[in-house]
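Here's the letter readout for the chains.
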Amino acid sequence: MRSHRRPLLFSELATAFARLEATPGRTASARLVADLLAGTARAEIPPVVYLLQGQLRPPYEGVELGIGERLLARVLAQAYRVPEAQVARRYRSAGDLGLVAERLAGERLRSRLTVAGAYRSLLEIPRASGAGSTTRKTNLLAALLGAATPVEARYLVRIVQGRLRLGVGDATIIDAAAAGALGDRGKRKLIEQAYNVRSDLGSVLQLAYARGASGLARIGPKVGIPVRPALAQRLRSAEDIIERLGTVQAEPKYDGFRLQFHRDGDRVWAFSRRLEDVSEMFPDLTAAVRRQLRARRAILEGEAVGYDPRTGRFLPFQLTMTRKRVYGVAEAASRHPLRLFAFDLLYADGDDYLHRPQEERRRRLVALVRGSADDPVVVTEAIRTSRADELQEYFETMLGQGLEGIVAKRPDAPYRAGARGYDWVKLKRAYQSRISDTVDVVLVGYLAGRGARAELGIGSLLGAVYDPEGQRFRTVAKIGSGPSERQWKELRAMLNRSAVRSRPASVDSLIVPDVWVEPRLVVEVLADEITRSPRHTCGKRGKEPGYALRFPRMLDGVRVDRTPETATTEREVLDLYRLQSGESRAKSPRFTTKNPLAASAPRDPTR
DNA sequence: GTTATACGCTATC
DNA sequence: GTCTGACGGATTCGG
DNA sequence: CCGAATCCGTCAGACGATAGCGTATAAC
């Protein structure tokens, strides 16, 4: 370990990364991270931490590189003067562009790169915009790679991809810093707490190393800075939930997107689940928060769902998502207004509610949100129960209304920012596979995997359904989760036996897998829903979109009892789609008022 | 030189 | 979003 | 009563479909 803190060389960082990559076990990794941070000058802690996280800046700043795997492949070709096809070929077999770069990088033994210098260069990339910016970005990165040693190149590339693959995540970094900066791993909570309310690990760790525990102690939520959202665990039945939580507060689970609102007087922010600042995208909701919230300064959270102003029915997720946009915001807002189902209060007028019990936060939220059924912000309904049958009934009622399911919460639990714990538990239809959409899919090909999957030689399956009339197989999903490692290997072996050089004539597909396969193997796939699809050919007629599975995962075992012709048919998928959209989709609250005419004249929420 | 389409990236779930 | 697999702390088991 | 075995929650990293945006490229 270095005892003096001169500027870190990038090679030192790369060496540390390489050690981490080779080290299994979080404890050992945390020790290495602690060593790295101990040898880092205070001023350089933020960049080192961001790089370790595979980022450049904290998420709410919205700094995007705009370079993904395709451009990166082009950069490698440029930097190492090899044909792009060669990079692509190597990528397919190695499953990691970092490794490809390392192997192409030759034998440069030393570089003059410093961490600060490399970091500065990387920050140049997102600044490029407008015509010619792609070339400028690739030039910048190619130049950086040109100055790097092979190992440095490996990690530069992975940093750009945001996939370090070191086996180190936030939790490990926090462990390391607790031991290193506070001298006690047990003080991890202090760092965690600060990180969860400020969402900027670089700055928090800088503070931890500079000021120690006392510097972190007073850090609470701050209006205008997003709090890392609490997440729910999954359980498969109402009984399981009651068994684990005892008494619960249960709420409907809406199929929209999560928003965290912050208010400071007239100023209102909105943050997405991944902490992006989306304030400008929802003027209707920010205005409503300003109008309806009886607190000058506050942080609250909810789920935003679109509805049809003519019928009051909720929109499918696909349509709700179109509200997350930069242009045509007012137009979209009047066509598809949003309702915000507020479900939590994190802060209000000087009071930090994070550590208060769920029940109290909810009570306070109800008290602070005013408004009629006409207003966009509505506090979610909730029941309280300790009986499994009651919870099950509530769940079924919600499904009957076309909702996604329920979220059950421990009434005495604090807001566990940044954690996915059992204080909140979600229950969805698909978790009970006997009432879910299960599809027997014919495999028509597979794709090479990346990272760990590359070693298995298979990353995902291309699945199709059968059209008996046309005697063709049309794709409906790629399946990338479900099988165990062993099953992946078995699948690959089986599929290789029926591999063919090119797309079989009976297969109708826009997606080109790495390996085509004669349609023989049938596999059971569970999905939450059917969506309209521009990519899959199932049900596709001309320019109209087809249909696909939402959240597909393979259930175990190949269906040996099924032949391709007895797999699920295209027709059946269409029927499933009609069934789900014909299902009574819940209506947004105001439309439950007695006067149906109220629904026919929505007021323009953008005004 | 202008407009339409294609592609890649990043975000949501 | 779903899912698997590894890890590490807590709990239970067996001698 | 202690060491070994087992359990269970957390963490990390694979993978899914889709929409909008910015830029590049093709078409006119």
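Residues numbered from 1 in each chain as written. Chains lettered and ligands numbered in written order. Predicted model: local features only at pLDDT ≥ 70, side-chain atom pairs only at ≥ 80, totals over all residues. Heavy atoms only, no water.

### Quick look at unusual backbone geometry
Unlike most non-glycine residues, Ser199 shows phi in positive territory, near 60°. Located in the positive-phi region is Phe551, a residue other than glycine, with phi close to 55°. Position of Phe551 among the secondary structure elements: in the loop between β20 (546-550) and β21 (553-558). Classification of Phe551 by relative accessible area gives partly exposed; the value is 40%. (Helix = DSSP H or I, 4+ residues; strand = E, 2+ residues; numbered from the N terminus. Buried < 20%, exposed > 50% of the residue type's maximum accessible area, 1.4 Å probe, protein only.)

### Here's the deal with the environment of Arg234
Topologically, Arg234 is positioned in strand β1 (residues 231-234). A residue is classified by how much of its surface remains accessible, and Arg234, at 53% relative accessible area, is exposed. The sequence separation of Arg234 and Met281 amounts to 47 residues, and the corresponding C-alpha distance is 30 Å. Not counting the four nearest positions on each side in its chain, Arg234 is found in contact with Tyr422, Val425, Lys426 and Tyr431. (Contact = heavy atoms within 4.5 Å.)

### Re the protein's contact with DNA strand D
In the neighbourhood of DNA strand D, 45 residues make up the surrounding shell, with Gly130, Gly167, Arg244, Arg532 and Ser533 lying closest. Among the atoms of DNA strand D lying within 4 Å of the protein, the sugar-phosphate backbone contributes 97%. Side-chain polar atom of Arg244 to a phosphate oxygen of DNA strand D: 2.5 Å apart, as the coordinates give it. At a separation of 3.2 Å, a phosphate oxygen of DNA strand D approaches a polar side-chain atom of Thr531. Among the elements of the structure, α8 (133-146), α10 (170-182), β11 (420-428), α20 (452-456), β14 (472-479), β19 (529-533) and β20 are those that each provide at least two residues to the surface near DNA strand D. Here the residues of the surface near DNA strand D are counted per class, giving 13 nonpolar, 19 polar and 13 charged. (Near = heavy atom within 4 Å. Polar contact = N/O pair within 3.5 Å; in protein donor to acceptor, adjacent residues only side chain to side chain. Nonpolar A, V, L, I, M, F, W, Y, C, P; charged D, E, K, R; others polar.)

### Regarding the domain arrangement of chain A
The domain architecture assigned to chain A consists of domain 1 (231-428) and domain 2 (439-580). On a C-alpha basis, the centroid separation for the pair domain 1 and domain 2 is 35 Å. Contacts between domain 1 and domain 2 engage 5 residues on the former and 6 residues on the latter. Surface buried jointly by domain 1 and domain 2 totals about 330 Å² across both partners, of which 28% is contributed by carbon and sulfur atoms. Among the residues domain 1 hides against domain 2, the three largest losses belong to Asp255, Gln318 and Lys428. Together they make up 80% of the total. (Domains from an automatic or database assignment. Buried area = accessible area lost by both parts, 1.4 Å probe.)

### Side note on the protein's contact with DNA strand C
The local shell around DNA strand C holds 18 residues, among which Thr27, Tyr431, Gly482, Glu485 and Arg553 are the closest. Restricting attention to atoms of DNA strand C within 4 Å of the protein, one finds that 95% of them are sugar or phosphate atoms. Between DNA strand C and Thr27, the relevant distance is 2.6 Å, taken from a phosphate oxygen to a side-chain nitrogen or oxygen of the residue. For the surface near DNA strand C, the secondary-structure elements that each account for two or more residues are α2 (26-38) and β11. A breakdown of the residues in the surface near DNA strand C according to their chemical character gives 4 nonpolar, 5 polar and 9 charged.

### What to know about the sheet that holds β1
Within the open sheet, the 5 strands sit side by side as β1-β11-β10-β2-β9. Their pairing is mixed. The strands lining the two open edges of the sheet, one partner per strand, are β1 and β9 (383-385). For this sheet, the mean angle separating the axes of adjacent strands, direction not counted, is 40°. When strand β2 (residues 248-253) meets strand β10 (residues 405-409), the two strands line up antiparallel, connected through 5 bridges. Its bridge partner lying in β10, Lys253 is registered against Gly405. (Pairing = 2+ DSSP bridges. Axes fitted to C-alpha atoms, helices over the stretch in contact; angles between N-to-C directions.)

### With respect to the nonpolar core
If you look at the biggest cluster of nonpolar residues, it comprises 91 residues, and the most contacted ones within it are Phe17, Leu122 and Leu205. Of all the elements, helix α4 (residues 69-80) adds the most residues to this core, at 8 residues. (Core = buried A, V, L, I, M, F, W, Y, C linked by side-chain atoms within 4.5 Å.)

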